[in-house]
Amino acid sequence: MTDASTAEARTDDTAAWWRQAAVYQIYPRSFADANGDGIGDIPGILSRVDYLADLGIDAVWLSPFYPSALADGGYDVDDYRDVDPRLGTLADFDELVAALHARGIRVIVDIVPNHTSNRHAWFQEALAAGRGSAARERYIFREGTGENGELPPTDWVSVFGGSAWQRVDDGQWYFHHFAVEQPDLNWDNPEVREDFLKTLRFWSDRGVDGFRIDVAHMLTKDLTEPLPSRAELELLPQDGTHPLIDRDEVHEIYAEWRKVFNSYDPPRTAVAEAWVSTPERRARYASAEGLGQAFNFDLLVADFDAEQFRSIIADNLAQATLSGSSTTWVLSNHDVTRHATRYGLPPLNGRPVKQGTEWVKAGGPADQLDRERGRRRAHAATLLLLGLPGSTYLYQGEELGLHEVAEISPEQRQDPAFFRGGEFDGLGRDGCRVPLPWTAEGSSFGFGADGAHLPQPSWFAEYAVDVEAADPSSTLSLYREALRLRHRLQTAESLEWVETGRVDVLRFARPNGWQVVTNFGAEPFDLGADADAVVLGPVDGGALPGESTVWIAPQELIG
Ligand code: BGC
């Protein structure tokens, strides 16, 4: 750090470390398998902490590693305060946190408060205790309709498809927003609230730095009778009064959580997964009295298009000002088609769009995938993102430029969304959850000793870590260099747009003189004298080639 303004902006060692952090999402069962059972585990992650340190990230976010039947990839939690025995032990977890902290990497864990699994002790107790019991009050049980209660209470549909109600042996029905194995909790019940406070303290006491809150906008519900029909429900505004989504009183819960977070030094952080209707409503989750930060998923549903990127960037920076939080950039995660693939397909391909009340897969067929183009655009988009103010969330495997895996047979698929055909692309989400290739040779490409829980295609060899680490032009080398430079260049949380004279070229400058230029079009863009100040990205004859990004910076900043 040579420059005073830059030094001031580096927040790594302060309570605000998260504001501009590069956070790497680990999907534990597909990262590295140390015990050879085909499922990634905590000792596997521990064996790769040097890899994470070399990558240059500031934090890892661990998707659920709790005991689970994996009916929804671990988002069906049996016990919130333990580690799945297939993934390790609490002692392994402690060792992992210590190893990551020793390398300056912070740890975020996933909290799934909307629902437990159906194997959770509470749900088992609710089944055994019967109607009217206190145990059933922790969930959402209702009588059915029809002559003998044989029909569900409403015609509501779950996110993964099929009815949102399931009948139990004694004839009552319970509500599940997601899979049948994920009964929704009743957040009006003080016992439920108390138990999650205990969970937050449990992990905070173990040294966890922050939390990612699963479907943070769904916890509270108003199920006062008469309940609306599915058609009526879809017409209701999501303005804080909708019976199921983004209700105003959910923020009372997060205000309580904030007190717990702030009782630690440094305060624990949280980021909300909240798919809500407007930037203003999202800002509530990101407020300093609430969770503090909320995911911005706008780029997950945008095309590789200058105009779309520009307005998304401008809107989200404005929104961050509203909440006082920093914004969050995401191109890939465990729920969506990998961005290298999205960008190599015709617009909208691989993504679901809503037509009326139906979700359909739009765009051309998957065989139209242009891998090279997808890679090129993915590099351009990632460099643009890493140059923006705010934090960036990276998903394991994107640093290798991995594409979505289409070659998974129906028998090998695991995602409940595939089997029930809900609000996801018809193939579900397994294609982005295939275990990582670490080596071009060897069993399951170095993932584990004995196979992988989802099939890895032969083309994974080209993307293996050992291959890419040895190649200076690989995606991995680009990510390492970008993250290294980003640490040096990081500055105050703002940008200014610089006019380029082209609608398909975006250029912005950060307060310390760091500039990012992205050419979304096909025609090269002349960089003039700035070509000599390019510190990252391709330059060809003084010009920025089509579908690429460069970083320009004064020499003294990278020194
Ligand atoms: C998670 C999904 C999960 C769902 C239900 C989502 O937001 O990211 O992977 O299926 O919540 O827990």
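Residues numbered from 1 in each chain as written. Predicted model: local features only at pLDDT ≥ 70, side-chain atom pairs only at ≥ 80, totals over all residues. Heavy atoms only, no water.

**Details of the overall build of the protein**
Per the secondary structure count, the protein includes 16 helices and 20 strands. The globule rule puts the C-alpha radius of gyration for 559 residues at 24 Å, and the 24 Å found for the protein is close to it. When its C-alpha atoms are laid out on the principal axes, the protein stretches across 80 × 50 × 50 Å. Residue burial in the protein is summarised as follows: out of 559 residues, 59% are buried. Considering only contacts within the protein whose residues lie at least 6 apart along the sequence, 66% involve residues at least 24 apart. In the form shown here, the protein has an accessible surface area of approximately 21000 Å², with 51% of it arising from carbon and sulfur atoms. (Helix = DSSP H or I, 4+ residues; strand = E, 2+ residues; numbered from the N terminus. Rg over C-alpha atoms; globule rule 2.2 N^0.38 Å. Buried < 20%, exposed > 50% of the residue type's maximum accessible area, 1.4 Å probe, protein only. Contact = heavy atoms within 4.5 Å. Areas by Shrake-Rupley, 256 points an atom, 1.4 Å probe, with all protein chains shown as cover.)

**Remarks on the nonpolar core**
Counting residues in hydrophobic clusters, the biggest one holds 135 residues, and the most contacted among them are Tyr 24, Leu 52, Trp 257 and Trp 551. For Leu 52, the residues in contact, after removing those within four places along its chain, are Tyr 24, Ile 26, Phe 31, Ile 45, Ile 57, Val 60, Leu 100 and Ile 105. Phe 160, Trp 173, Phe 178 and Leu 227 belong to the second largest nonpolar core, which has 18 residues in total. (Core = buried A, V, L, I, M, F, W, Y, C linked by side-chain atoms within 4.5 Å.)

**A short note on the site of the ligand**
Around the ligand sit 14 residues in total, of which Asp 72, Asp 214, Glu 273, His 334 and Asp 335 are the nearest. One of the side-chain N or O atoms of Asp 335 is found 2.5 Å from an oxygen atom in the ligand. For the shell around the ligand, the residue count by class is four nonpolar, three polar and seven charged. (Near = heavy atom within 4 Å. Polar contact = N/O pair within 3.5 Å; in protein donor to acceptor, adjacent residues only side chain to side chain. Nonpolar A, V, L, I, M, F, W, Y, C, P; charged D, E, K, R; others polar.)

**Comments concerning the sheet that holds strand E9 (residues 292-294)**
Pairing is parallel in the open sheet, where eight strands are placed in the order E9-E8-E7-E3-E2-E1-E13-E10. Every interior strand has two partners, whereas the edge strands, E9 and strand E10 (328-330), have only one. Averaged over all neighbouring strand pairs, the angle between strand axes comes to 25°, with direction disregarded. Bridge analysis of strand E7 (residues 210-213) against strand E8 (residues 269-272) gives four bridges, and the strand direction is parallel. Following the sheet pairing, Arg 212 is matched in E8 by Val 271. Packing of helix H6 (residues 190-205) onto the sheet brings it into contact with strand E3 (106-111) and E7, and relative to E3 it is tilted by some 160°. (Pairing = 2+ DSSP bridges. Axes fitted to C-alpha atoms, helices over the stretch in contact; angles between N-to-C directions.)

**A closer look at the confidence of the model for the protein**
The pLDDT averaged across the protein works out to 92; a share of 93% of its residues lies at or above 70. Here residues 1-11 is modelled with pLDDT under 50, and outside its nearest four sequence neighbours on either side it reaches 19 contacts, counting other chains as well. Contacts from residues 352-365, a stretch scored under 50 in pLDDT, to residues over four places away or in other chains number 34 contacts. (pLDDT = per-residue confidence, 0-100.)

**Remarks on helix H15 (residues 475-489)**
Compared with an ideal rise of 1.5 Å per residue, which puts 15 residues at 21 Å, H15 spans 20 Å between its outermost C-alpha atoms and is within 8% of the ideal. For H15, every residue scored as buried is listed here: Thr 475, Leu 476, Ser 477, Leu 478, Tyr 479, Ala 482, Leu 483, Leu 485, Arg 486 and Leu 489. (Expected span 1.5 Å × (residues − 1).)

**Brief notes about the sheet that holds strand E16 (residues 515-519)**
Either a parallel or an antiparallel arrangement is found when strands of a sheet pair, and the pairing is made through backbone hydrogen bonds. The antiparallel open sheet is built from five strands, whose spatial order is E14-E15-E16-E20-E18. Two strands in the sheet have a free side with no partner beyond their single neighbour: strand E14 (496-497) and strand E18 (534-536). By the bridge criterion, two bridges tie E18 to strand E20 (residues 548-552) in an arrangement that is antiparallel. Bridging across to E20, Val 534 finds its partner in Ile 552. Along the sheet face, helix H12 (residues 371-386) touches strand E15 (505-509), E16, E18 and E20 and points at about 30° away from the line of E20.

**Quick look at the packing of aromatic side chains**
What the rule picks out here adds up to 38 aromatic pairs. Judged by centre distance (5.2 Å) and plane angle (90°), the rings of Phe 31 and Trp 438 are edge-to-face. Taken as a pair, Phe 31 in the loop between strand E1 (22-26) and helix H2 (42-46) and Trp 438 in the loop between helix H13 (416-420) and helix H14 (465-469) lie far apart in primary sequence, 407 residues in all. On the basis of relative accessibility, which here comes to 0%, the residue Phe 31 falls in the buried class. Trp 438 sits in the buried class, given a relative accessible area of 3%. (Phe/Tyr/Trp six-rings, centres within 6.5 Å; stacked < 30°, edge-to-face > 60°.)

**Let's talk about the pairing of E15**
The buried fraction of E15 amounts to five of the five residues, a majority that puts the element mostly inside the structure. Residues Val 505, Arg 507 and Ala 509 line one face of E15 and the alternating positions Leu 506 and Phe 508 line the opposite face, and both faces are buried. One ladder, built from two bridges, connects E14 with E15; its direction is antiparallel. Bridged to Glu 496 within E15 is Ala 509.

**Let's talk about the side chain of Gln 182**
Structurally, Gln 182 can be placed in the loop between strand E6 (173-175) and H6. Of note is the side chain of Gln 182, whose polar atom sits 2.8 Å from the backbone nitrogen of Ala 179. Non-local contacts of Gln 182, meaning those with residues more than four positions away in its chain, are made with Asp 72, Tyr 75, Asp 76, His 115, Thr 116, Phe 160 and His 176.

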